[in-house]
Amino acid sequence: MAEREARKQSVGERAARLLAVPADGVAGVPRAELIGDNEIFLEHYRGILAYGKEEIHVDGGGWVLRILGRNLEIKAMRAGELRIFGVVTSLTLV
């Protein structure tokens, strides 16, 4: 089972672990930052799986970030970067 999990890790994640650097310091590794309770900044995400005013699902590669809240809106979407605003009540990695 451990071998299967090790294979699922990206090259960047493995490099970060082996070099003892934070994963967000390695290019291409998904990164999520919650700013207060009303903004989320995501880098290196793969896509948006579901979008609504109360729930957004973001594909991070090996995980899905489920964001729950009120008046959620994607305000900025650039290559590899995403900003979500609204009242964030819950973040869950699935």
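Residues numbered from 1 in each chain as written. Predicted model: local features only at pLDDT ≥ 70, side-chain atom pairs only at ≥ 80, totals over all residues. Heavy atoms only, no water.

**Section: the pattern of salt bridges**
For clarity, the cut-off: When a carboxyl oxygen of Asp or Glu is within 4 Å of a side-chain nitrogen of Lys or Arg, the pair counts as a salt bridge. Buried residues are those whose accessible area, probed at 1.4 Å on protein chains only, stays under 20% of the maximum for their type, while exposed residues exceed 50% and partly exposed ones sit between those limits.
Across all of its chains, the model carries six salt bridges by this definition. The shortest N-O distance in the salt bridge between Arg31 and Glu33 comes to 3.2 Å. The salt bridge partner of Glu73 is Lys75, with a shortest N-O separation of 3.9 Å. Residue Glu73 is classed as partly exposed on the basis of its relative accessible area, which comes to 30%. Residue Lys75 is classed as exposed on the basis of its relative accessible area, which comes to 52%. Taken together, the shared-partner salt bridges connect Arg31, Glu33 and Glu43 into one network.

**Re the nonpolar core**
Let me state the cut-off plainly: By nonpolar core we mean a set of buried residues, namely Ala, Val, Leu, Ile, Met, Phe, Trp, Tyr and Cys, connected to one another through side-chain atoms within 4.5 Å. Note on conventions: DSSP H or I runs of at least 4 residues are helices, E runs of at least 2 residues are strands, and numbering of each starts at the N terminus. Contacts between residues were defined by any pair of non-hydrogen atoms, one from each residue, lying within 4.5 Å.
Judged by nonpolar contacts, Ile40, Leu42, Tyr45, Ile56, Val58, Leu65, Ile67, Leu72, Leu82, Ile84 and Val88 together constitute the single largest core of 11 residues. When contributions to this core are tallied by element, the ones reaching two or more residues are strand 2 (39–43), strand 4 (55–59), strand 5 (64–78) and strand 6 (81–93). When neighbours within four sequence positions are excluded, Leu42 is seen to be in contact with Arg31, Ala32, Val58, Leu65, Gly80, Glu81, Leu82 and Ile84.

**Some thoughts on the sheet that holds strand 3 (residues 47–51)**
Put simply, the test is: The pairing criterion for strands is at least two bridges between them, as found by DSSP. Angles run from 0 to 180 degrees between N-to-C directions of axes, and those axes are lines fitted to C-alpha atoms, restricted for helices to the stretch in contact.
The sheet built from six strands is open, its strands ordered 1-2-6-5-4-3 with antiparallel pairing. Whereas interior strands pair on both sides, the edge strands pair on one side only; in this sheet they are strand 1 (31–35) and strand 3. Each strand axis lies, on average, 35° off the axis of its neighbour in the sheet, ignoring direction.

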